[in-house]
Amino acid sequence: MTYHVHSDKPIFDLVIGDKAYSSWSMRAWLVAVQSGLPFREINIKLDSPKTAEQILKHSPSKKVPALKHGKTIVWDSLAIAEYLHELSPEAKLWPDDSALRALARSYAAEVHSGFASLRTELSMDIQLKTKARHLSRGAIADIERILEMWKTALKQSEGPYLFGDFTIADAFFAPIVFRFLSYGVQIKDKMVLEYMNNVQEHHGVQFWVEEALQEKNHSPVFK
Ligand SMILES: N[C@@H](CCC(=O)N[C@@H](CS)C(=O)NCC(=O)O)C(=O)O
């Protein structure tokens, strides 16, 4: 277990897994960075015999991410995102407009509960670069649905992110951008390609990727 301190006065701890392939950790971590609040990162190596025991010291779920704020423990990426939204309202982690906020929440919730085929067949591994592989109909349908969602939102917002500024919805889609890049998913739409570039250029995403690329000895098994 290692610690990564993002400020000398962190107000909460965020327990996360390997940066190369813990997509749920990446989502919560990006929301934490976007909240603007100082935090301490607790890094746990996944896929080791001690993983569950180590996570259990922080969260009853035995899964990462988990957030610890005083006596409060929050687990599961979406619950963490909502908690950070309440803790840092000025960060505007959701859009101001209530109709847009509902839409952005629907986007994040759909990622959180859906796209099972994509998760199984294109598991996140930021270090991986491979050729497009044969995909099931389910995975193709997931990809088509994601592209349709991105286009609809971007047409309305005109970018740079799905709902204008970077929101929780973008944090939830960020690992999917890296899945598309790793597995060479062919994308032709200019607006979508621009969006994928904007996500990659986000300061938090860049920091995460730099560290993910330095990690060693991992096996891509987490979705
Ligand atoms: N629904 C959870 C999923 C969390 C999850 O599956 N985390 C994986 C890593 S990405 C994990 O902790 N795996 C550890 C294990 O299975 O031992 C969330 O949104 O946070």
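Conventions adopted
- Residues numbered from 1 in each chain as written.
- Predicted model: local features only at pLDDT ≥ 70, side-chain atom pairs only at ≥ 80, totals over all residues.
- Heavy atoms only, no water.
- Buried < 20%, exposed > 50% of the residue type's maximum accessible area, 1.4 Å probe, protein only.
- Helix = DSSP H or I, 4+ residues; strand = E, 2+ residues; numbered from the N terminus.
- Pairing = 2+ DSSP bridges.
- Phe/Tyr/Trp six-rings, centres within 6.5 Å; stacked < 30°, edge-to-face > 60°.
- Lys NZ or Arg CZ within 6 Å of the ring centre and 35° of its normal.
- Core = buried A, V, L, I, M, F, W, Y, C linked by side-chain atoms within 4.5 Å.
- Domains from an automatic or database assignment.
- Contact = heavy atoms within 4.5 Å.
- Buried area = accessible area lost by both parts, 1.4 Å probe.
- Axes fitted to C-alpha atoms, helices over the stretch in contact; angles between N-to-C directions.
- Parallel < 35°, antiparallel > 145°, perpendicular 65-115°, else oblique.
- Left-handed = near helix turned anticlockwise from the far one by under 90°.
- Nonpolar A, V, L, I, M, F, W, Y, C, P; charged D, E, K, R; others polar.
- Expected span 1.5 Å × (residues − 1).
- Arc of directions from axis to C-beta.

Moving on, we get to the pairing of strand E3 (residues 39-43). Counted residue by residue, E3 has 4 buried out of 5 residues, so it is predominantly covered. Both strand E2 (residues 12-16) and E3 contribute to a ladder of 5 bridges, which runs parallel. Among the inter-strand pairings, aspartate 13 is bridged to a residue of E3, identified as arginine 40.

We now examine the packing of aromatic side chains. How two aromatic rings sit relative to each other is set out by the distance from centre to centre and by the angle between their planes. With the rule as written, the count across this model stands at 10 aromatic pairs. A centroid spacing of 5.2 Å and a plane angle of 55° characterise the contact between tryptophan 29 and tryptophan 208, whose relative ring orientation is tilted. Placement of tryptophan 29 in helix H1 (residues 23-35) and of tryptophan 208 in helix H9 (residues 203-214) is noted, with a sequence separation of 179 residues between them. Residue tryptophan 208 is classed as buried on the basis of its relative accessible area of 0%. Considering the side-chain rings of tryptophan 150 and tyrosine 195, the 5.2 Å spacing of their centres and the 65° angle between planes classify their relative orientation as edge-to-face. Residue tryptophan 150 is located in helix H6 (residues 137-157), and its partner tyrosine 195 is located in helix H8 (residues 190-201); the two are separated by 45 residues in the primary sequence. Taken as a pair, tryptophan 150 and tyrosine 195 share a single burial class, namely buried. By the ring-pair criterion, three or more aromatic residues cluster together here, those being Tyr107, Trp150, Phe163, Phe173, Phe180 and Tyr195. Over the ring of tryptophan 208 we find lysine 19; its NZ or CZ atom is 5.3 Å from the centre of that ring. One cation-aromatic arrangement involves arginine 27 over tryptophan 24; the distance from NZ or CZ to the ring centre is 4.2 Å.

Moving on: the nonpolar core. Of all hydrophobic cores here, the largest spans 73 residues; its most connected members are Trp150, Leu162, Phe173 and Phe180. A total of 10 residues in this core trace back to one element, the largest contributor, which is helix H7 (residues 168-182). Inspection of this core shows a minimum of three residues originating in each of domain 1 (2-91) and domain 2 (98-205). Those residues in contact with phenylalanine 173 that sit more than four places away from it in its chain are Tyr107, Val111, Phe115, Ile146, Met149, Trp150, Leu162 and Tyr195.

Partitioning the protein into structural domains gives domain 1 (2-91) and domain 2 (98-205). The C-alpha centroid of domain 2 is placed 22 Å from the C-alpha centroid of domain 1. The interface of domain 1 with domain 2 comprises 19 residues on the first partner and 23 residues on the second. Together domain 1 and domain 2 conceal approximately 1,800 Å² of surface at their shared face, both sides included; 70% is due to carbon and sulfur atoms. Looking only at domain 1, the three residues that lose the most surface to domain 2 are Met26, Arg27 and Leu30, adding up to 31% of its buried area.

The contact between H6 and H7 brings their axes to 12 Å, and the two run at 125°. Considering the angle they form, H6 stands oblique to H7. The chirality of how H6 crosses H7 is left-handed. Contacts between H6 and H7 involve Ile143, Ile146, Leu147, Met149 and Trp150 from the first element and Phe173, Ile176, Val177 and Phe180 from the second. Grouping the amino acids of the contact of H6 with H7 by side-chain chemistry returns 9 nonpolar, no polar and no charged.

On to H9. Three or four residues apart is the spacing at which side chains of an α-helix point the same way, because the helix has 3.6 residues per turn. End to end, H9 covers 17 Å across 12 residues, agreeing with the expected 16 Å (1.5 Å per residue, within 8%). Residues Gly204, Val205, Trp208, Val209 and Ala212 constitute the buried set of H9. The buried residues of H9 occupy an angular sector of 125° when projected down its axis, which confines them to one face. Opposite its buried face, H9 presents the exposed residues His203, Glu210 and Gln214, each directed more than 90 degrees away.

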